[in-house]
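# Coordinate analysis (summary)
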Amino acid sequence: NREPVNAYHLALNRYPPPRWGRTKVGGKKVIYRSTRGRKKMLDAKVTLLYDRSQRKRPMQVAGFMSGAGTNLTKIMEWEVKLKANKGTSPYHVALVFTDNRASQAEAIAQHWGIPCICLDIMDFYNSKGHQTKKDLSLRPLFDQLVVERLEENGIDLNALAGYISLVSTTLLER
């Protein structure tokens, strides 16, 4: 039996996730990982990526993809499985984003009945007079366009599911 995966496990690059727990130490809530029967304390300051109690809805996720979309499809299938087994899911893939016009993003979004945003990165670079995307100084400008489109759609989190482009801090810090 696999434990459910959440953004915290993914951020730590741990799959399947180790045994995690919560406790209080000195009045502070901490997260710990069980290591051979001992508790190994982690940072007492935990920043929640999303607080469902404040929003009263599942986390709205944008699935970023560049190719066939198999990773994103698995994330959406897991959402359906959670809803079937537990009656709810902590997240909802609300839209598909791609920077590659040739990807399968439109077909996947249409199949799942969600919107698709396609901002082709090569079109962006060509409009700036570049034939390749090697000039990384333009990447924050592209990512700012992406952030604006995501905010229009009420997205809480980006899932880089097979997204092969570099991501600037403009998009990461959003």
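In this report, we go over the structure that sits alongside the text. The model shown is predicted, which means the values in this text are computed figures rather than measured ones.

About the thresholds
- Residues numbered from 1 in each chain as written.
- Predicted model: local features only at pLDDT ≥ 70, side-chain atom pairs only at ≥ 80, totals over all residues.
- Heavy atoms only, no water.
- Salt bridge = Lys/Arg side-chain N within 4 Å of Asp/Glu carboxyl O.
- Helix = DSSP H or I, 4+ residues; strand = E, 2+ residues; numbered from the N terminus.
- Buried < 20%, exposed > 50% of the residue type's maximum accessible area, 1.4 Å probe, protein only.
- Contact = heavy atoms within 4.5 Å.
- Phe/Tyr/Trp six-rings, centres within 6.5 Å; stacked < 30°, edge-to-face > 60°.
- Pairing = 2+ DSSP bridges.
- Right-handed = clockwise from strand over helix to strand, strands pointing away.

Scanning the model with the defined rule gives seven salt bridges in all. With a shortest N-O distance of 2.6 Å, Arg-101 and Asp-123 are connected by a salt bridge. Taken together, the positions of Arg-101 in the loop between strand E5 (91-98) and helix H4 (105-112) and Asp-123 in helix H5 (residues 121-127) put the pair 22 residues apart, joining distant regions of the chain. Its relative accessible area of 52% is what places Arg-101 among the exposed residues. For Arg-139, the salt bridge identified is with Asp-143, shortest N-O distance 3.2 Å. Placement of both Arg-139 and Asp-143 in helix H6 (residues 139-152) is noted, with a separation of four residues, approximately one turn of the helix. No difference in accessibility class separates Arg-139 from Asp-143, as the two residues are buried. Salt bridges here are not isolated pairs; linked through shared partners, they connect Arg-101, Asp-120 and Asp-123.

Relative to the helices and strands, Val-96 resides in strand E5. The exposure class of Val-96 is buried, given its relative accessible area of 0%. Sequence spacing of Val-96 and Leu-72 is 24 residues, and the spatial spacing of their C-alpha atoms is 8.6 Å. The contacts of Val-96, once residues within four sequence positions are left out, are Gly-63, Met-65, Leu-72, Ala-105, Ala-109, Ile-114, Pro-115, Cys-116 and Ile-117.

The subject of this paragraph is the packing of aromatic side chains. Scanning all chains against the criterion turns up five aromatic pairs. With 6.2 Å between their ring centres and 55° between their planes, Phe-97 and Tyr-163 make a pair best called tilted. Of the two residues, Phe-97 sits in strand E5 while Tyr-163 sits in the loop between strand E7 (157-160) and helix H7 (169-172), which places them 66 residues apart along the sequence. Like Phe-97, the residue Tyr-163 is buried in the burial classification. Summarising the aromatic geometry, the rings of Phe-124 and Tyr-125 are spaced 5.9 Å apart at their centres and angled 85° between planes, so their arrangement reads as edge-to-face.

Before going further, it helps to examine the pairing of E5. Of all eight residues that make up E5, seven are buried, and the element is covered over most of its length. As paired elements, strand E4 (residues 59-65) and E5 share seven bridges and run parallel to each other. Bridged to Gly-63 within E5 is Val-96. On the question of chirality, the crossover connecting E4 to the parallel E5 by way of helix H3 (residues 70-86) is right-handed. As paired strands, E5 and strand E6 (residues 116-118) are joined by three bridges and run parallel to one another. Bridged to Val-96 within E6 is Cys-116. Handedness of the crossover is the feature at issue here: the chain leaves E5, passes through H4, returns alongside E6, and the resulting connection is right-handed.

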